[in-house]
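Read off the chains here:
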Amino acid sequence: MKVKITMILIMNICFGLLSGCWDKLELEEQAYVVTVGIDIAEGDNIVVTCQIANPQGGSTAGSGGNQNEPAAEIVSFTMRDFLSIRDLAASSVTRRITFTHTKTLVVGEDFARSDKFYNILESIVRDRQVRRDTYLIISKESAEDFIRNNQSALETRPHKFYEFMSKRWQESGLVPVSIIRRFIHDTESGEALHLAIYGTNEKTGIAGEKDEDNYIAGEVDKEGGNIVQLIGSAVFKDGKMINVIDGEDTRIALLLREQIDIDTYFVTYKDPKDEEYVITIRLTKHKKTKVDINTDNEIPTINVVVPLEASVVSIPSNVDYVTDEGNKNFLADYIGEELKKKTEKFLDRSKEEFKMGAFDWYLIARKQFNTLEEYKLYNWREKYPEAEITVEYDVSIKDFGRLFQPHTNREGSANQ
Amino acid sequence: MKEEKRDNKASRKKRQYEDTKLQTAIDKNLELFKQVLHYPLNQDFIIKDLTIEDFERKCSLLYMKGTIDSSKLENNLVPSLKKINQIEMTEAISCWAVVVKQLDFMTVETVETLYKAVDKILFGYAAILIDGCDIAVTVNISKFEHRSIEKPSIENAIKGPMESFVEDVGTNISLIRKIVRNEQLISESIIKGQRTSDAIVLMYIKDIADEEILECVKKRIYDISTDNIQNLEIVEQYIEDRPYSLVPTVLYTERPDRVAAFLQEGHIALLNNSSGGLIVPITFWSLFHTAEDYYQRWPYSNFVRLIRLIAFFLAMLTPSLYIAVTNYHVEMIPTDLLLAIGASREIVPFPAIVEVISMELAFEILREAGIRVPTPIGPTIGIVGALILGQAAVEANIVSPILVIVIAITGLSSFAISEISTNFMIRIGRFVYLAFASFMGLYGIGLCFVVGVAYLVSIESFGVPFFSPYAPHYKSAGDTFYRPQLWTMIFRPFNIQQKNKVRNQQ
Amino acid sequence: MLKKQKTKVGAREFFALYAMTMALQFSDQTPATIFKDAKNAGWMVPIIAGILTLVSFSFVLLVLSKYKDKNMIEIIYSTFGKYIGFILCFILFIVAFAAIVLNSRSYVDITRTMFLPKTPTNVIYFMLIAAAYMIGRGGLRGISSTAWLFFVPMCIVIIIMSVLSFKDINMYYIYPIWGPGVKEILKVSVRHTGVFGELILFTIFFSEVRSYKCYKAASLTGTAFAIVVLAVFSFIYITVFDYVSLENMAFPFQELTMIVNIEQFFTNLGSLFFWIWIMLSVIRCTVLLYLATSIFCYMLNIKEIKPLLPALSAIIFILGNMPNSSLAQNITSKADVFYQLTYYILLLLPFILWILSKIRKVAGNES
């Protein structure tokens, strides 16, 4: 018996070794695509751009690595279907294309606005190598341009750029953290807009006076560094891009969602007591947003209370908001009102222009029903544009940065 | 099946003189001895004629040089023989009885056959032949040279007893009796074959050790077919459960304190003139634990056990996991690491599996060389082999630097497993995993691992399941992966014995 | 004393056997079949189905308590007589046999689609069955001990998975609470009592377990464990993916392992979990293989089980390799037929057994 078993084992091993190891592929024989770009092309075709990380580029390892090699190779192919890139790439790329380490999918705006986009995206997700938490970036120009022009001096290796950027996105909330899985889910549910990251590498310049956050990509006035800008979001409805919203609206959309999607961010307002100056405030959504939805009536009513903690970081006007209780409350109300104004504007836009919410409220509405049947009958998608929405900001001033008092001394020194 | 084979082999040759009785005439007897022990060709065999005053009968003292203590011979034996009262001697019915009486402060035995007498002489006895007696009186004056008690060399410990067994059974038994002062501690001598020189001493605590297992051990020892058993290391191979398996079923230890601890749990120890003792039956845990686990404080010893467990897996699986991950599952590697490996692999001419196997071989050669090399150059081998070879191989782009790390971790981890047989098991098993990893990646490793564990579970050492008392579960102190506090370990493992379940409490 | 105990299986090992075979279904295609009909209320199905099976199982326990060292097959033979008994046993055998063929095939499909796309199916299948056979050679005691050894790792995986997926959970996905409606949930639950089919099928091993008490404790705790694990994981799947996405998902567990990450450094743990998963799955395969073989042997009154293992393994290998057992069919037609077949038997057989044994007893008393 023992002999038999050993024979089987040996035969098995020989069988395996002789007939070849089917899925075996040496690590260095693969081309790791870090960023994939998809654009629309003539006819039915699409242009797929792959940014392939070069292991030897940017490596400091002394083991014969050539440090002068570029960190990535960027190739673009025009073809009908996305996944056939593996074969087509064989015409010029020496290694087998692998998507296991793809961090980002960049889609040209033109393509995102086309009907084909969603189908292509679904076929990408079907591939076993593509990760469901790949970031989705919509670029204003073609994805190919975006990828080719994205040269960060700080991060030589391309995947690092997105890895680190994604952390900044979560902090600032100027960009929604959009991953393919959520995109597919929002689309499949048919009840939610999806906000995808919006970016560009063309500076268009400023259109009118701006606060610190109501830019869309390209409008940020900056010099030097990487020319790529990622701010604002592309709005998708039913898997098709319909519009762009700026950073401020993105933040509002994130605030209106129940969960905490945004860490802490800075805003500046005109000082309510002294219009000449601005005050800078750090806002933190410290608790979940309270969303009450009433679906008893034909027209749903939605009550939203957004709790915010504000830290006043600088008060150049020297108005005493710190010790004066009245001023303090006034400031809190003022911030709430300012936010409310902007929010209402955005909500109107969402109801009238997009006719859909991006705030996951449909999930809360789902909770009001007992069965899926009832919920489908109620038809939230149709009801949302007519909904009565009231938004309140519950702003509490937490602290005043590192100062107790307005900087009276400086006033004195300024007078001298 | 195996048992039968062993029995078949047991066709022993009987020696020519096995049944020869001693004669009455001393000359004839001496002639017999001279013939058997090749006198005068064999210079060590000494025949000394004794003259006892006023006593006409011829007397001879026979012994083997090198097996006796000459001071005992000169200071005790000869003087007391000289003092024998001749009147008594002549009056006695048999004069050998007088000699026995005279020497009663020493270990004296009388033998009737030539064979036994020769045996005694070989064992360090002096035989006294008296003319007219067909009985020889043998006196134990044996002294064999052996090492003095030294520190254990394999099972090192920082804390705890520093004695190890030496090549003398008496000393070894004494080392154990020093720890286990128990009237139930039995040391039973099993004489293998016809020769007392092959005696194996079985030690067990009578009211704890399981009879069934004891019988089984005895049977296996009796079944050993060979005539001459040099030492326990060879006995081990005769009595183990699975001679062809990678898995050891007998534990070899050089620490008396460990043997004592095992005795207390109902195991059986085998001793001989060897620098170690054997423990049967054993479980996986016997191999996994070390003596020091019990001497260190509870948190420290559990920490060390965890480290050892990790080392166990690392030593077994690291190379195969490396192959599986780099060849089949690159998605597991963080991007930066992936690119780093990729950059260094790019200029290496061989596939990863060839790299691993060649480096593994190099490491195993290094290890073997390190053991066989004369001690003074030992460390040099390490430096030349590990540092220079590794460094040069990387510089010459024959292997990638990451691989040197993989092999180094594997080697280092395998050093953390001090039990020799387990160590070999892991080192060889590693290559099996390597084959499966290169064949089917993690799928292969996974299947191989489960089959391996199931195989271990199926193994029994003298009827005791290998993973008991964990799987199958038996009541025990719970001393498996985790070591409980000593005072909570009141149960003896039920898988070994069920006679005396609770440790002695007063 | 040692010898006698050695041949029997203890409560813990038998519990592990139950826990491993039933609870491990959270990681295969079972949840996918549940979500197809039960939508976002899928997490209730294991609970209801489990309780239903437990109710019918309590009748089995009543019957078993009367027969101390007889296994299920012998009990069936003695209750139903030779011919009906044989038919019933044969049906049980078919159920067990179908379970091993379908499950092993499903494991191969998962392995192939997710991890080894180019390796031929028959090679993967061969390895799996060969491994199962080799583990099965250890007999019930060996298998159950192995299962018990892997029970703790399984718990660790379950806990790690639940903790890691915690941050991706959105509680709102389970609403509306009753999903497709209470009636539908109950219907789906009844249809999925086959999930806990092992509970009834394992009565085959009754005579191999140390005592009735052991058997009862092991089976009840094992089922409870399985119910909890299945319910928790169904819950996690729903709250992470939402039912709209789940409906299109063939392997929710594998998808989940691909989503969870530890910080940004270890972002793709899919393969790691796959590795542990295949170890657990092959044990499950072994149990099912041994189960089918045991039923077959007892049915034909063959004393030795082990000699038949290779033959059955070979048949399973051939059947599982049949070209038409592709993934999609697996999930839809065959599985449905299989479940339908099982739930009638599993729910009704214990009850009939109990009644018949009662009647027999009464009849016996009268005569």
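Keep in mind that what you see is a predicted model, and the values were worked out from it rather than measured.

Undergrad: Quick one: what's the story with the overall build of chain A, residue by residue and with numbers?
TA: Check the secondary structure of chain A and you find 13 helices and 14 strands. For chain A, the residues scored as buried account for 42% of the 416 residues in total.

Undergrad: How would you explain the overall build of chain B if you had to name every residue and give the values?
TA: Helix and strand content of chain B: 18 helices and 12 strands. The C-alpha atoms of chain B give 30 Å as radius of gyration, which overshoots the globular expectation for 506 residues (23 Å, by more than 25%). C-alpha atoms of chain B, sized along the principal axes, occupy 100 × 55 × 45 Å. Out of the 506 residues in chain B, the part that is buried amounts to 42%. Put simply, 65% of the contacts in chain B that link residues at least 6 apart link residues at least 24 apart.

Undergrad: Hey, could you go over the domain arrangement of chain A for me, with residue numbers and the actual values?
TA: Residues and elements named next belong to chain A. The domain architecture assigned to chain A consists of domain 1 (28-256) and domain 2 (261-416). Listed per partner, the contact involves 24 residues of domain 1 and 24 residues of domain 2. For the side of domain 1 that touches domain 2, the secondary-structure elements that each account for two or more residues are helix H6 (158-172), strand E8 (229-237), strand E9 (240-245) and helix H8 (247-256). It is H8 that contributes the most residues to the side of domain 1 that touches domain 2, eight residues altogether. Of the residues contributing to the side of domain 1 that touches domain 2, the split by class is 10 nonpolar, five polar and nine charged.

Undergrad: An account of the nonpolar core is requested, with residue identities and associated values reported.
TA: Core analysis: the biggest nonpolar cluster contains 336 residues, and Ile445 of chain B together with Met20, Ala96, Leu128, Ala131, Ala292 and Ile295 of chain C have the highest contact counts within it. Here this core gets 21 residues from one element, more than from any other, and that element is helix H13 (residues 270-299) of chain C. Among residues more than four places away in sequence, those in contact with Leu128 of chain C are Ser104, Tyr107, Val108, Val282 and Cys285 of chain C. Ranked by size, the runner-up nonpolar core spans 31 residues in total, among them Phe33, Met64, Tyr125 and Cys133 of chain B.

Undergrad: Pulling in residues and values, what's your account of unusual backbone geometry?
TA: Omega for the peptide link from Tyr39 of chain B to Pro40 of chain B comes to 0°, which places this bond in the cis form. Relative to the helices and strands, Pro40 of chain B resides in the loop between helix H2 (26-36) and strand E1 (45-50). In this structure, Pro469 of chain B follows Ser468 of chain B across a cis peptide bond, with omega equal to 5°. By the element assignment, Pro469 of chain B lies in the segment after strand E12 (464-465). Of note, the phi angle at Asn379 of chain A is positive, near 60°, even though the residue is not glycine. On the secondary structure map, Asn379 of chain A appears in the loop between helix H11 (372-378) and helix H12 (380-383). Notably, Phe462 of chain B is not glycine yet its phi reads approximately 50°, a positive angle. Mapped onto the elements, Phe462 of chain B comes out in the loop between strand E11 (460-461) and E12. Residue Phe462 of chain B is classed as buried on the basis of its C-beta count, with 23 C-beta atoms lying within 10 Å.

Undergrad: Which residues make up the interface of chain C and chain B, and what values go with them?
TA: Across the contact, 32 residues belong to chain C and 25 residues belong to chain B. Among the secondary structure elements, those contributing two or more residues to the side of chain C that touches chain B are helix H2 (11-23), helix H7 (121-136), helix H8 (139-164) and H13 of chain C. Take the side of chain C that touches chain B: its biggest share by element is nine residues, from H13 of chain C.

Undergrad: Break down the sheet that holds strand E7 (residues 200-205) of chain B for me, citing the residues and quoting the values.
TA: All names here are of chain B. With antiparallel pairing, five strands are arranged side by side in an open sheet as E6-E7-E9-E10-E8. The open sheet has two free edges, formed respectively by strand E6 (185-190) and strand E8 (251-253), since each of these has just one partner strand. The average angle at which neighbouring strand axes cross in this sheet is 25°, direction not considered. In this sheet, strand E10 (residues 277-280) lies alongside strand E9 (residues 268-271) in antiparallel orientation, the contact comprising three bridges. Residue pairing in the sheet places Ile268 in a bridge with Val280 of E10. Contacts from helix H10 (residues 256-264) reach E6, E7, E8, E9 and E10 within the one sheet, and its direction differs from that of E7 by about 55°.

Undergrad: Give me the lowdown on the pairing of E7 of chain B, citing residues and values where you can.
TA: It is a general feature of regular strands that their side chains alternate between the two faces of the sheet. Residue and element names in this part refer to chain B. Across the six residues of E7, six count as buried, placing the element largely inside the fold. By the alternation rule, side chains of E7 split into Ile200, Leu202 and Tyr204 and Val201, Met203 and Ile205, which are all buried. Bridge analysis of E6 against E7 gives six bridges, and the strand direction is antiparallel. Opposite Leu185, over in E7, you have Ile205 as the bridge partner.

Undergrad: I'd like a description of the environment of Ile213 of chain B, backed by residues and values.
TA: Residues and elements named next belong to chain B. Position of Ile213 among the secondary structure elements: in helix H8 (residues 211-222). Among the residues examined, Ile213 registers 22 C-beta atoms within 10 Å and is labelled buried. In this structure, the C-alpha to C-alpha distance between Ile213 and Pro281, residues 68 residues apart in sequence, is 7.8 Å.

Undergrad: Explain the packing of helix H18 (residues 420-458) of chain B against H13 of chain C residue by residue, including any values.
TA: Where H18 of chain B meets H13 of chain C, the axes come as close as 9 Å, and the angle between the chain directions of the two elements is 40°. The orientation of H18 of chain B relative to H13 of chain C falls into the category oblique. With respect to the hand of their crossing, H18 of chain B and H13 of chain C are arranged in right-handed fashion. Together, Leu442, Tyr443, Ile445, Gly446, Leu447, Phe449 and Val450 of chain B of H18 of chain B and Ser271, Phe274, Trp275, Ile278, Met279, Val282 and Ile283 of chain C of H13 of chain C make up the contact between the two elements. In terms of residue class, the contact of H18 of chain B with H13 of chain C is made up of 12 nonpolar, two polar and no charged.

Undergrad: Please give an account of the packing of H2 of chain C against H8 of chain C that cites residues and values.
TA: All names here are of chain C. Close contact between H2 and H8 brings their axes to 8 Å; oriented N to C, the two are set at 65°. Every pair of crossing elements has a handedness; the one defined by H2 and H8 is left-handed. Counted together, Arg12, Glu13, Phe14, Ala16, Leu17, Ala19 and Met20 of H2 and Ser144, Ser145, Ala147, Trp148, Phe151 and Met154 of H8 form the full contact between these two elements. Among the residues making up the contact of H2 with H8, the classes are represented as nine nonpolar, two polar and two charged.

Undergrad: An account of the sheet that holds E1 of chain B is needed here, citing residue identities and associated values.
TA: Residue and element names in this part refer to chain B. The five strands lie next to each other as E1-E2-E4-E5-E3, forming an open sheet whose pairing is antiparallel. Each end of this open sheet is capped by a strand with a single partner; those strands are E1 and strand E3 (108-111). Taken pair by pair, the neighbouring strands of this sheet meet at an average axis angle of 25°, ignoring direction. In the sheet, E3 pairs with strand E5 (residues 136-140) via four bridges, with the strands oriented antiparallel. Opposite Thr110, over in E5, you have Val137 as the bridge partner. Strands E1, strand E2 (59-64) and strand E4 (125-130) of the sheet are contacted by H2, whose axis makes an angle of about 150° with E4. Across the sheet, helix H6 (residues 114-122) lies against E2, E3, E4 and E5, angled at about 140° from E4, the strand it touches most.

Undergrad: Mind laying out the environment of Leu129 of chain B, listing which residues take part and the relevant values?
TA: All names here are of chain B. By secondary structure assignment, the location of Leu129 is in strand E4. Between the C-alpha atom of Leu129 and that of Met359, which follows or precedes it by 230 residues, the distance is 67 Å. For Leu129, the contacting residues outside a window of four places in its chain are Ile26, Asn29, Leu30, Ser60, Leu62 and Ala136.

Undergrad: Can you lay out H7 of chain C for me, pointing to particular residues and giving the numbers?
TA: Residues and elements named next belong to chain C. Its 16 residues place the ends of H7 22 Å apart at the C-alpha level, agreeing with the 22 Å of an ideal helix rising 1.5 Å per residue. Judged by how many residues are buried, H7 sits mostly within the fold: 12 of 16 residues are covered. For H7, every residue scored as buried is listed here: Ile124, Tyr125, Met127, Leu128, Ile129, Ala130, Ala131, Ala132, Tyr133, Met134, Ile135 and Gly136.

Undergrad: Outline the confidence of the model for chain B, listing residues and values.
TA: For chain B, per-residue confidence averages 84 on the pLDDT scale, and residues scoring 70 or more make up 91% of the total. Low pLDDT, under 50, characterises residues 1-14 of chain B; the predicted model gives this stretch nine contacts beyond four residues in sequence or across chains.

Undergrad: Give me the lowdown on the pairing of E9 of chain A, citing residues and values where you can.
TA: Residue and element names in this part refer to chain A. Sheet topology note: the E8/E9 ladder contains five bridges and is antiparallel. Counted as the bridge partner of Phe236 is Met241 from E9. Between the antiparallel neighbours E8 and E9 lie two residues, among them Asp238 with a positive phi of about 50°.

Undergrad: Explain H10 of chain B to me, and be specific about the residues and the numbers.
TA: For H10 of chain B, the tally of buried residues reaches seven of nine residues, placing the bulk of the element in the interior. Two residues or fewer past H10 of chain B, Gly266 of chain B is found with a positive phi of approximately 100°.

Undergrad: Which residues make up the confidence of the model for chain A, and what values do they have?
TA: The share of residues in chain A with pLDDT of 70 or more is 87%, and the mean pLDDT across the chain is 80. Taking the mean pLDDT of every element in chain A, the minimum, 44, falls on helix H13 (residues 408-415) of chain A and the maximum, 90, on strand E5 (residues 104-108) of chain A.

Undergrad: Provide a residue-level description of the environment of Phe288 of chain B, including the pertinent values.
TA: Among the structural elements, Phe288 of chain B can be located in helix H11 (residues 284-288). Linking Phe288 of chain B and Thr480 of chain B, residues 192 residues apart in sequence, is a C-alpha distance of 8.6 Å.

Here is what the cut-offs are and how they apply
- Residues numbered from 1 in each chain as written.
- Chains lettered and ligands numbered in written order.
- Predicted model: local features only at pLDDT ≥ 70, side-chain atom pairs only at ≥ 80, totals over all residues.
- Helix = DSSP H or I, 4+ residues; strand = E, 2+ residues; numbered from the N terminus.
- Buried ≥ 20, exposed ≤ 12 C-beta atoms within 10 Å, placed from the backbone.
- Rg over C-alpha atoms; globule rule 2.2 N^0.38 Å.
- Contact = placed C-beta atoms within 7 Å.
- Domains from an automatic or database assignment.
- Nonpolar A, V, L, I, M, F, W, Y, C, P; charged D, E, K, R; others polar.
- Core = buried A, V, L, I, M, F, W, Y, C linked by C-beta atoms within 7 Å.
- Pairing = 2+ DSSP bridges.
- Axes fitted to C-alpha atoms, helices over the stretch in contact; angles between N-to-C directions.
- Parallel < 35°, antiparallel > 145°, perpendicular 65-115°, else oblique.
- Left-handed = near helix turned anticlockwise from the far one by under 90°.
- Expected span 1.5 Å × (residues − 1).
- pLDDT = per-residue confidence, 0-100.

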